[in-house]
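Examining the three-dimensional arrangement
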Amino acid sequence: MDAALEQARIAAGNDEVPIGAVVMRGDEIVAEAHNETVARRNPTSHAEFLLVRHPRLNHRVDVQSGVEAEACGELLREFFAAKR
């Protein structure tokens, strides 16, 4: 989850909505991404889709929700508060 949060921080630094995603195989990170909708000028360039499109993946992923929910929520709150 630390890697996903780092990706989210990278997105925020690029003025993207701070969402990061990581795909793991066991303990190894095999893909990571952050939102790039602004940079790519493509509304579908969300972190969770850029992962799944990685050539090393077989497109079957298990999603775990709620991990580090408080830290993730705080990052999003800070981002949108700065935009207002």
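Before going into details, it helps to say that this report is about the structure given with it.

The rules we used
- Throughout, residues of each chain are indexed from 1 in the direction in which the sequence is written.
- Restriction of local features to residues with pLDDT of at least 70 applies here, the model being predicted, together with a cutoff of 80 or more for giving and counting side-chain atom pairs; totals for whole chains, interfaces and linings are based on all residues.
- The side-chain quantities take in all heavy atoms of the structure and omit both hydrogens and water.
- For salt bridges, the criterion is a side-chain nitrogen of Lys or Arg within 4 Å of an Asp or Glu carboxyl oxygen.
- Helix and strand definitions follow DSSP, with helices as H or I runs of at least four residues and strands as E runs of at least two, each counted in order from the N terminus.
- Ring geometry is summarised as follows: Phe, Tyr and Trp rings, the Trp one being its six-membered ring, pair when their centres sit within 6.5 Å, and such pairs are stacked at plane angles under 30 degrees, edge-to-face over 60 and tilted between the two.
- Summary of the burial criterion: residues with accessible area below 20% of their type's maximum are buried, those above 50% are exposed, and those between are partly exposed, where the area comes from a 1.4 Å probe applied to protein chains only.
- Two strands pair if DSSP finds at least two bridges between them.
- To estimate the expected span of a helix, count its residues, drop one, and scale the result by 1.5 Å.
- The directions considered for the arc are those from the helix axis to the C-beta atoms.
- Between two residues, a contact is recorded if the distance between any of their heavy atoms is within 4.5 Å.

1. Comments concerning the pattern of salt bridges
Applying the stated rule across the entire model yields four salt bridges. Residue R9 pairs with E6 through a salt bridge whose shortest N-O separation is 4.0 Å. Residue R9 and its partner E6 are both found in helix α1 (residues 2-13); the two are separated by three residues, about one turn of the helix.

2. Examining the packing of aromatic side chains
What the rule picks out here adds up to one aromatic pair. Ring plane angle 85° and centroid distance 5.1 Å describe the contact between F79 and F80, whose orientation is recorded as edge-to-face. Judged by its relative accessible area of 36%, F80 is partly exposed.

3. A word on the pairing of strand β1 (residues 20-25)
Pairing of β1 with strand β2 (residues 28-34), which is carried by six bridges, proceeds in the antiparallel orientation. From the neighbouring strand, V22 faces β2, where its bridge partner is E32. Counted between consecutive antiparallel strands, the loop separating β1 from β2 contains two residues, among which G26 sits at a positive phi close to 65°.

4. A few points about α1
Under the 1.5 Å per step criterion, the end-to-end length of α1 is 17 Å for twelve residues, consistent within 8% with the ideal 16 Å. Within α1, the full set of buried residues consists of A4, L5, Q7, A8 and A11. Here the buried residues of α1 occupy an arc of 155° about the axis, which is enough to place them on one side. The exposed set on the far side of α1, more than 90 degrees from its buried face, consists of D2 and G13. On the buried face of α1, the contacting elements are β1, β2 and α3 (69-83).

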